[in-house]
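# Chain and residue survey
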Amino acid sequence: LLLPPGVAAKPPRPPAPPPAPPELCDDDGAVCGHLNDGECDDGGAGSVYSLCPYGKDCTDCGARVSSPPPLPPPPSSRPLSPRWVECGRRNRCGPQVAGWAIPDARHEVRCCSGTKLGAMWDKRAGCDVWAESDGPEMGGCHHGKTFEEAEAVCAGAGARLCTKDELASDCTRGTGCGHDRDLVWSSTELMPSSPKPAPPAPAPPPPLSLPPRPPPASPEAADVPSPLTSYRRHGGLNCQGGGGGMMIDAPNSPVATNVDAAGCAALCHGTEGCAATLHQSADYTWVPRLNKNCYNGAGATEVAIAMTGSSEVCLNMPLAECKTQCILVAECEGITWANSDSDDHGLCCLRKDITRRECDSGGGEWDTHELTRRPVGTRGGCWRMSGVTLSQCDAQNEGFDTYVRDERPAQPWWQTTHFAERVVMPRHYKCAASATCTLPELQNVVLPQLEAAGYSVVNIDWPVHASPDALFMGFGIHSPYDVDPLLGTTAEWDAFVAEAHERGIKVILDFNPSYWWTGSPTFKQAEAHVRTFGASRSRQPAGSPARWFRWRSSCGSSPLQKPPDDWDDLNDFTMDWVYSPDAEACYYAVWGGTGTPRYGGQPTADLASPEWRAELTNILTHWVTNRGADGFLIDAPPELLSAPGNAPNFDMSHALVASYIRDVIVDPVHALGAAVFGEIYNLQVPPIAKQFDGGRNTDMGGHGNPVVEGFPSLVHDMVVAQDARGLEPLLQRTVDVYTRWGIVPRTQPHSGGGRSLKGIKAAATALLGGYYYIRFGPDCSSPYETGYGASPAGNEWPGGCFGDWSAAPALASTLIAMRSSPALRPGTPRTKLALSGEAATRAYAALRMSEGTGALVLLNFANSQSVQVTLSAAALAASSIRTPQTPVDLIDG
């Protein structure tokens, strides 16, 4: 049949409809195993699943009065693209971030319709649709559905999923099921951008230039220039495994399997809605050998955990963290681990040279896990994410790195130049005539000295109004928003900060966010509220500081007692409940306490308290926005959670503490452009260390505890031995790990020896060790005499207090020179250059490159003797180092 143009054939007339069937309503457990579960499962209108015969799930579905629904059309062969998920009500989803989600993800369901489908459907002002979450047409609330399940729910109700714009405009707000605080599926689909043909290969652009948004034609074939500088690296964070990422690519389907981090970033840059990437940097495989106990003389050689310095020491930690500790030690080939309780924590021991047939039986307690390392180099799998919540990512792993696009601040000051920091503890050192360094003296005497010496950061150790100096080291909080009156007034603080900034010096604060003084008016108010309202947090007034602490009504038959407000309880850790007669209840204390009399320690604010978390964020925000601080060094972060589970086992809570630190401290401070460093020593507690902008790379122990030699003492030993061969391995197992995590090591030099000895150690630290810092004081004695006990020579309390040490003037030229070269910033690539002859032992040479500039670092460990160094012409030709030129001795001029 030929039709004229523009005329369509009529479809055949449909047959007459059959007579209406009788009402169907029959709960039949024999054929429907999902009766009375609150969800309709018979495949009809409003059903969630098609798991039962039609009309056989009557209570959940209601009476059926029509024929069974037709079979659904066959599924499309095209895989579903990611769909947008949006908060059910603007600004109510807390840390959850709207973005693209893979269809297999599980989110909440709200439906929209162009007509009112029932009495409960609501149309808000300014919206063109009616919306509902739990009407009878939908069969009630729906939680945790995949995209297809959500789409079926709305279709069964005669409606559809809402669009991204309808959800973002609050058209579904208040329709029930608690979804105002949840991420809700939308119908908006991610449309992948079409790649443009790759242009002829030009010279690679500099790192800061942006490439075209579309991905290269063949991402597997070659690395392409990409805007990696706009992607902040968070090494050792797996936001797929930990649940913090909203994945565009399914876990088993990376968008590419053989790209470097820059190529992975380019793929994200060419995808609409891509906000982050996950890149595989290594492959670690673990094989469990159950009930095997391997140790020295029984099938293995014991290896020291990095933070202990002794192969005989095992530490309590989660199994995943134990495996990370093994990966961080190059010689480690496995772990022997004893599960000490019902959860996933136990004793962690590192091993190498494992021979299973020679191991002992584990006695039902010990297991051994063998490690196979398969480094993938710079190329590996790549996954794209539409959003990421870093606090929810898995930080107890290595081998996967998360890169966040356009993270703020865009140019963090602690990563974009090479800063040298001087730490001042003004309460305890003279800097002029007075017994303490007052703020005017810091401004007029210390700042000019620091500027002349090349320092560009000053760390004021605890400027907050705190307990009296003789009590608990003066560290207990009195009023956290106020400047310490022993140092000066608020106006004097503001003038000091302004002067520092005028001189190009950043001001950071050594900050204790946890332990309070019993004499604080705030704590006394908390005690009064506990006495009046009880120890239960839910009964205390909403704004009460009592909610900041952990209380219980009883703490045993012979509890520790609260010390008098004027009692100096420096020398101990409590980690127990302490009875307060003023509260008629017990508070939990971590720090302080003495054995005789039986006094407990100072009250510890509890990071598990949502009220304290909010207050702590406010305190830090105040010091940045109102007092001009450029950052913080957070004291003792692993102990910020008081009595987890009412038991003083901090090792069980590292992942929880890490998530709180990211949400409460780091992210809010970053939003203000300020830095957050952590008092984490030598790769200690990786899940927590990875949250900060930097950690301490130094010696550990002393002050009455066993000394664990770290970077300062190990470099000192090399310089004394005039042997530099161990320097590169030391850098690889310390500085390079921090760099891989995307954070900055804060490394201090060793203070022992004469001018030249000090100078070469300080120069090696400043040029290669990351972020250089030392403490300031007139001598190297503890202000508390025997309070901390003996300390290691060259690293006395509080961690190397140099004062006006003899090498400082000569080192100034090094510190100032470093500012002129981007190649000497923390984290820039380092290539060790091969040396021969005597120089192979006595000297060290490395080339560092960044942004097209290079710096050649030459270190002579032969004290005052000259060493002939011959460098490869090819190595220098590949850099921007100008030749010929005469190196300048930055120590002796």
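Cut-offs used in this document
- Residues numbered from 1 in each chain as written.
- Predicted model: local features only at pLDDT ≥ 70, side-chain atom pairs only at ≥ 80, totals over all residues.
- Heavy atoms only, no water.
- Pairing = 2+ DSSP bridges.
- Helix = DSSP H or I, 4+ residues; strand = E, 2+ residues; numbered from the N terminus.
- Disulfide = S-S within 2.5 Å.
- Buried < 20%, exposed > 50% of the residue type's maximum accessible area, 1.4 Å probe, protein only.
- Salt bridge = Lys/Arg side-chain N within 4 Å of Asp/Glu carboxyl O.
- Polar contact = N/O pair within 3.5 Å; in protein donor to acceptor, adjacent residues only side chain to side chain.

It is worth spelling out the sheet that holds strand β4 (residues 130-132) at this point. Taken in spatial order, the three strands of this open sheet run β4-β3-β5, and their pairing is antiparallel. Of all strands in the sheet, those bounded by a partner on one side alone are β4 and β5 (160-161). Here strand β3 (residues 111-113) pairs with β4 via three bridges, running antiparallel. The residue bridging C111 from the neighbouring strand is E132, located in β4.

Let us now look at the state of the cysteines. Under the criterion given, the structure shown has twelve disulfides. What pairs with C294 in a disulfide is C359, and their sulfur atoms sit 2.0 Å apart. Judged by the sign of its S-S torsion, about 110 degrees, the cystine formed by C294 and C359 is right-handed. Placement of the pair is C294 in the loop between β12 (292-293) and β13 (295-296) and C359 in the loop between β17 (345-352) and β18 (360-361), with a sequence separation of 65 residues. A single burial state applies to C294 and to C359, both of which are buried. Covalent S-S linkage joins C555 and C586, the inter-sulfur distance amounting to 2.0 Å. Here the S-S torsion is close to -65 degrees, and the disulfide linking C555 with C586 is therefore left-handed. Remark: C586 occurs in strand β30 (residues 585-591) and C555 occurs in the loop between β27 (551-552) and β28 (560-561); sequence separation between them is 31 residues. The class of C586 is buried, set by a relative accessible area of 0%.

Moving on: the pattern of salt bridges. One pass over the structure, following the stated rule, counts 31 salt bridges. In this structure, E149 engages R106 in a salt bridge whose closest nitrogen and oxygen atoms are separated by 3.1 Å. Note that E149 is positioned in helix α2 (residues 147-156) and R106 in the loop between β2 (99-101) and β3, a separation of 43 residues in sequence. Assessed through its relative accessible area of 49%, R106 is described here as partly exposed. A salt bridge links R662 to D667, with the shortest nitrogen-to-oxygen separation between them at 3.4 Å.

Along the polypeptide, S659 turns up in helix α10 (residues 654-670). Look at S659 and you get buried, because its relative accessible area is 17%. Separated by 2.7 Å, the side chain of S659 and the backbone oxygen of L656 make a polar contact.

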